[in-house]
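# Structural overview
For reference, the chains in residue letters:
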Amino acid sequence: MQFKLSLVAASLLATLTLTGCNDDSSSTPTTPDVEKPSPETGNPDTGKPDTGNPTPVTTGQFIDAKVQGLDYVIGTKAAQTDAEGNYELGAENGTISFYIGGKDGLLIGSVSGRAVTTPFEAAGTYERSINLARLLLTINEHNDDSTIIIPSLIKDNPSADIQAALSKITLDDGYFEKSVQTLLKLLDSKALVAADDAQKHMQASLNPEQLQRGSEEVLTQWAKGSNQIIIHRSANLRVKNSSDKTFKTVIHQDQQNGKYVGGLSLMNYKLTDDQFTILAGSNDSTVEKTSTSPNFVYEMADEAKVYTENEMMPWSEIETMGSPYACMTAKNCSERLLTQANLKYIERQDGDHKQKEAQSGTYDPVTQVYTQIRSKEYLDGDYAGRISESIEFFYPVTDAKTDRFVDFTGTWTAKETRPNCPDVATSTLTFGEKTITLTGQEFTGTCEITDGLNETVTYEDYAKMDFWWFGTNVQVSTATLDQLNTTVRWNDKDTGETNDNFKINRFSYIPAGKAWDQGLLVRDTLNDNGDKIATITMKKS
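Remember, predicted model here, so these are calculated numbers, not experimental data.

## Let's talk about the packing of aromatic side chains
Within this structure, the stated rule accounts for 27 aromatic pairs. Cation over ring: Arg 238 sits above Phe 247, and NZ or CZ is 3.7 Å from the ring centre.

In structure tokens form, the structure reads like this:
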């Protein structure tokens, strides 16, 4: 992927193999430089370096321009952002959830308490973030876009119709434009703002020369010479070749004969004083394969490219690679230096290829995770015009034999919507030591909802349904950050049925809170033709 390209001056796309959709890759990513993972890695704090408590933040600001009237919930407190886009975090500096139209409206996302939140931190993927910005600009009640004011019909005791319209908006894929139409009609709003215009607006608002985000406190564990281990997990989310009319969703796991086939890239670094070290077991090479459906493409780890021994790289080479690598070479690496957006599509050389790139990078001092959301386009060569969007996570661990996970143990609230269905089904999922209990509402038929959901399943059975990561890590109830940002093709065929019923589930998740488990999990279900069937949002209570 991106890292190895710059180091060895080789083109990623030149290594892609376009063949049929059958694949023999392992379903478990290689763990760098590890004989056996620590049995304690299921503990959310295991593997987290002891770097002290982050500087407390009591007030934050939501920026896509200053957004006034955005609903937020932190703990038991519910309020709205003021005229400056400010929100109050309080002394606890806990996780904050953002809504449009209150808790029964559109849940945008949940983030750790921070000085500035933008659509990128709140919504997650590049696509979702741009679509959120489009929505905010479209419904803006201010006379220009220097400030965004949520309309009074939304922020002041919204009607049931308004809340219902908001709750059914999905920020992913082409269905976003359809899902907002009911709301726009109720608001008598102008036409939906174009994606390019929303991107340009955010670039002006998030310009690092004008908006400095986060503390200047030095992050010593991110600097060269710290001997710190940094894990880098990533996933390409969607791609579009010059010959394609629309983006293709990247599938990372495919259920074949009852088992998942696939694999994710994983890099593991050590920041020594003399050299930047890539640890043995790392692998950032992928193989792309065509799908039987024109709406999807397979991308899985190429196990033949795994690092068999440590590889040393000079810091002078690392320094030119941009964030977060440039920050690692500096003695004053900080949240402020790591947290920057550049959406201008800057042209630069990437190995043998020229490309233009837009990206948003954010360091969360609570989770200690640096998240980078990227859109890039190749400008020359055989793949000129190809655009890919990806998400990357970097975080420190205590040693190469540990990792960190999101532990699902506990109670989650899930809300499901379906296209063209007027209602929302709300259910509760309780993740125990060995089983998962589901209670509440569920869709039956097309749009009918019943209150009779009450069943208990094992993690193994639930993994077969689409939560494919359960059972792939040391503790069955855990998932890695890249696993929570994958797309899986699975067979929704009941026992005894002979006909296959393939579906695609696409997941999106940004970690929040010290244990990483306070973020919003979004699960879109698509049929084999790429049409949306349902969207479920899940949040831990």
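That covers the picture; the talk isn't over yet.
## Considerations on the packing of helix 3 (residues 126-139) against helix 8 (residues 195-205)
Any two packed helices are characterised by how steeply their axes cross, that is the angle between the axes, and by the distance between the axes. In contact at an axis separation of 9 Å, helix 3 and helix 8 are set at 90 degrees when each is read in the N-to-C sense. Overall, the two elements helix 3 and helix 8 adopt an arrangement that is roughly perpendicular. Contacts from Tyr 126, Ser 129, Ile 130, Ala 133, Arg 134 and Leu 137 of helix 3 reach helix 8 at Ala 195, Ala 198, Gln 199, His 201 and Met 202. A per-class count over the contact of helix 3 with helix 8 returns 7 nonpolar, 3 polar and 1 charged.

## Considering the sheet that holds strand 24 (residues 410-417)
Overall, mixed pairing links the 10 strands, which are arranged 13-12-29-30-31-32-24-25-26-27 in an open sheet. Bordering the open sheet on either side are strand 13 (259-262) and strand 27 (448-458), each of which pairs with just one other strand. Between one strand axis and the next, the sheet turns by 20 degrees as a mean value, whatever way the strands run. Where strand 29 (residues 487-491) and strand 30 (residues 502-508) come together, 5 bridges link them in antiparallel fashion. Within the sheet, the bridge partner assigned to Val 488 lies in strand 30 and is Asn 505.

## Observations concerning the sheet that holds strand 7 (residues 106-112)
Through backbone hydrogen bonds, the strands of a sheet pair up, either in parallel or in antiparallel fashion. The 4 strands lie next to each other as 4-3-6-7, forming an open sheet whose pairing is antiparallel. Each edge of the open sheet is held by one strand with a lone partner, namely strand 4 (77-80) and strand 7. Direction aside, the axes of adjacent strands within the sheet are offset by 25 degrees on average. Taken together, the 4 bridges between strand 3 (residues 71-74) and strand 4 define a ladder with antiparallel strand orientation. The residue of strand 4 that forms the bridge with Val 73 is Ala 78. Against the sheet, helix 3 engages strand 6 (95-100) and strand 7, with an angle of about 50 degrees to strand 6.

Scoring rules and cut-offs
- Residues numbered from 1 in each chain as written.
- Predicted model: local features only at pLDDT ≥ 70, side-chain atom pairs only at ≥ 80, totals over all residues.
- Heavy atoms only, no water.
- Phe/Tyr/Trp six-rings, centres within 6.5 Å; stacked < 30°, edge-to-face > 60°.
- Lys NZ or Arg CZ within 6 Å of the ring centre and 35° of its normal.
- Axes fitted to C-alpha atoms, helices over the stretch in contact; angles between N-to-C directions.
- Helix = DSSP H or I, 4+ residues; strand = E, 2+ residues; numbered from the N terminus.
- Parallel < 35°, antiparallel > 145°, perpendicular 65-115°, else oblique.
- Contact = heavy atoms within 4.5 Å.
- Nonpolar A, V, L, I, M, F, W, Y, C, P; charged D, E, K, R; others polar.
- Pairing = 2+ DSSP bridges.

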